[in-house]
Amino acid sequence: RAARKIRSAVKLFSRFGTTIQHPHYWPPLRPITEDSVVCYSTFTSANRLYWLPWLLESWKGPVSVSAYVSRNDYYVLDTVINYLKVCYGNAMERVTIHLVYPANSRPMFGFHINDTINVKDLDCNDPRSAIEEIFEILGSNSSATLSNFPQNQLRNLARQSCDTPFAISADVDMIPSPNMYENLSKFLLLRTDCKKCAYVIPIYEVETKENFLPSTKKSLLHLVKLKQARRYHIAVYSRNQGNSHLERWEAGNEFNEKDEVFLWTLNGSGKSSAQYVSSAESEPFKEMYKITTYVEYWEPIVVLKKTAPEFDERFVGYGHCRSSLHYELNKRGYHYWVLDRAFISHFGFQNLSSHPAFRTLEVK
């Protein structure tokens, strides 16, 4: 068999010439409708794409993904995407994926025979294990960490490739709450005139035994009460979300014993599905409070107009990637509002004892 070759696509050099980008390399099969208001943009390497099914299950709108590869990992990425299309075909029709690789370390096209794996034989209910198996068969390291990862280049490509007036830029392992797309769209349709508004979405770490995530704000606050959820990076670097003043957000909708807990999981059914939420969650989001302070190194996840400033691409690796944007937005006079019921979940508690040493070095 002949090895697959890279398909023709628009090729662009990044602003500083360090990467080559192919926007919409794997385009969506379902075109974005004219009434689409907001897109979820993210970035990843091939070994982290197992989070994408989680994102697609809770977010029902368009998704834009920048995928970073080098050397023979192009073939791993292509196989992973084929697996996701087989297992999550309808949801993957909403996804556009952009190929990015280092200008001085281009993928070794023709190195692997891509169709040696029958992706239909892989487990659709366990994307993490399936993708690790793909890496093993193709002789690549699924746990490898890329140094000088161009996060902000990837963020900018994914966000600017959204064909909607608003976009969220978040990491691939940050999972939006169910119904966020629908309720956020209703909200944003009434906020198109505010050119310098940033809408903050609180983010929480979640530590549950069976990989369940909260479906509603009250359910999240119940997990906080049980010490199974907490504010993102609160134990690693409290400034990360500190200026969001989430104590105010938590105080606005306390959980009581009469409330029902709604949790969901990947491929869940009935009450364990992302779709099973109370009717009250179908209401548009609202601004809960305005943030009038600014603290350096603050890194909230926000909804912005696509006309907003881009991330500073001089920052690579780990550290200050998102905070540099919010420093600029603050200087430009942007107004920050925290949304009342929207939130994002991140699996696992982040602790200094388990924090990778290379990340501390990259921050310095």
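So, how was this worked out
Throughout, residues of each chain are indexed from 1 in the direction in which the sequence is written. Owing to the predicted nature of the model, reporting of local features is limited to residues with pLDDT of at least 70; listing and counting of side-chain atom pairs is limited to 80 or more, with chain, interface and lining totals taken over all residues. Hydrogens and water molecules were not included; the side-chain quantities draw on all heavy atoms of the structure. Side-chain atoms within 4.5 Å are what join buried Ala, Val, Leu, Ile, Met, Phe, Trp, Tyr and Cys residues into a set we call a nonpolar core. Using a 1.4 Å probe on the protein chains alone, a residue whose accessible area is under 20% of its type maximum counts as buried, one over 50% counts as exposed, and one in between counts as partly exposed. Put simply, DSSP marks the helices as runs of H or I at least four residues long and the strands as runs of E at least two long, and each gets a number from the N terminus on. Whether two residues are in contact is decided by their heavy atoms, any of which lying within 4.5 Å being enough. Here a strand pair is declared whenever DSSP counts at least two bridges between the two strands. All axes are obtained by fitting lines to C-alpha atoms, using only the stretch in contact for helices, and the reported angles, taken between N-to-C directions, cover 0 to 180 degrees. We count a salt bridge whenever a side-chain nitrogen from Lys or Arg sits within 4 Å of a carboxyl oxygen from Asp or Glu. Disulfide: a pair of cysteine sulfur atoms within 2.5 Å of each other. Consider the strands pointing away from the viewer: the crossover is right-handed when the path from the first strand over the helix to the second runs clockwise.

Caption draft 1: Local environment of the nonpolar core. Residues W59, I168 and L184 are the most contacted members of the largest nonpolar core, which totals 93 residues. Take this core: its biggest share by element is 9 residues, from helix α2 (residues 73-87). Those residues within four positions of I168 in sequence are excluded, and the remaining contacts are V38, C39, Y40, S41, W59, M180, L184, I201, I301, V302 and V303. Core analysis: the second largest hydrophobic core is formed by 6 residues, F43, V100, L154 and L157 among them.

Caption draft 2: View of the sheet that holds strand β2 (residues 19-26). The mixed open sheet is built from 10 strands, whose spatial order is β1-β2-β5-β4-β3-β6-β14-β8-β15-β13. Each of the sheet's edge strands pairs with one partner strand only, and the pair in question is β1 (12-13) and β13 (287-291). With 4 bridges joining them, β13 and strand β15 (residues 335-339) adopt antiparallel strand pairing. By the bridge assignment, Y289 is partnered in β15 with V338. Strands β2, β3 (38-45), β4 (63-68), β5 (95-102), β6 (166-169) and β14 (301-305) of the sheet are contacted by helix α5 (residues 151-160), whose axis makes an angle of about 145° with β3.

Caption draft 3: Quick peek at the pattern of salt bridges. Under the defined criterion, the tally for this structure stands at 15 salt bridges. The partner of R191 in a salt bridge is E287, and the shortest N-O contact between them spans 2.8 Å. Of this pair, R191 sits in the loop between α6 (180-188) and β8 (197-201) while E287 sits in strand β13, and the two are 96 residues apart along the sequence. In this structure R191 comes out as partly exposed when scored by relative accessible area, which is 21%. Across the salt bridge formed by R341 and D340, the nearest N and O atoms sit 3.7 Å from each other. Judged by its relative accessible area of 13%, R341 falls in the buried class. By relative accessible area, D340 is classed as buried at 15%. Bridged by salt links that share partners, the residues R155, D171, E299 and R322 form one connected network.

Caption draft 4: Up close: the state of the cysteines. By the definition in use, this model includes 3 disulfides. Covalent S-S linkage joins C39 and C162, the inter-sulfur distance amounting to 2.2 Å. Residues C39 and C162 are joined by a disulfide whose S-S torsion is about -55°; by sign, that bridge is left-handed. In this pair, C39 is assigned in strand β3 and C162 in the loop between α5 and β6, connecting sequence segments 123 residues apart. For C162, a relative accessible area of 2% corresponds to the buried category. The partner cysteine of C194 in its disulfide is C197, sulfur to sulfur 1.8 Å.

Caption draft 5: Region of interest: helix α7 (residues 217-225). For α7, the full list of buried residues reads K217, S219, L220, L221, H222 and L223. Taken together, the buried residues of α7 touch β9 (203-206), β10 (213-214), β11 (229-231), α9 (246-251), β12 (263-264) and β13. Phi turns positive, to about 60°, at K227, one or two residues after α7.

Caption draft 6: Helix α10 (residues 323-331), seen in detail. Within the sequence span of α10, burial applies to S323, S324, L325, H326 and L329. In this structure, the buried side of α10 is in contact with α5, β14 and β15. Trailing α10 by a residue or two, G333 shows a phi angle of about 85°, which is positive.

Caption draft 7: Expanded view of the sheet that holds β9. Strand order in the open sheet made by the 4 strands is β7-β16-β9-β11, with mixed pairing throughout. The open sheet terminates on both sides in strands that have one partner only, identified here as β7 (174-176) and β11. Mean inter-strand twist for the sheet, computed between neighbouring axes without regard to direction, equals 35°. Sheet topology note: the β9/β11 ladder contains 3 bridges and is antiparallel. Within β11, the residue paired with E205 across the bridge is R230.

Caption draft 8: Representation of the side chain of D171 within the structure. Here D171 lies in the loop between β6 and β7. Residue D171 is classed as buried on the basis of its relative accessible area, which comes to 15%. The contact partners of D171, leaving out residues within four places of it in the chain, are T42, F43, R155 and R322.

Caption draft 9: Looking closely at the pairing of β4. In terms of burial, β4 is a largely internal element, 6 of the 6 residues being buried. Alternating positions in β4 separate into two faces, V63, V65 and A67 on one and S64, S66 and Y68 on the other, with burial throughout. Where β3 lies against β4, 6 bridges are found, and the strand directions are parallel. By the bridge assignment for β4, T42 is matched with V65. As a crossover connection, the stretch from β3 through helix α1 (residues 52-58) into β4 is right-handed.

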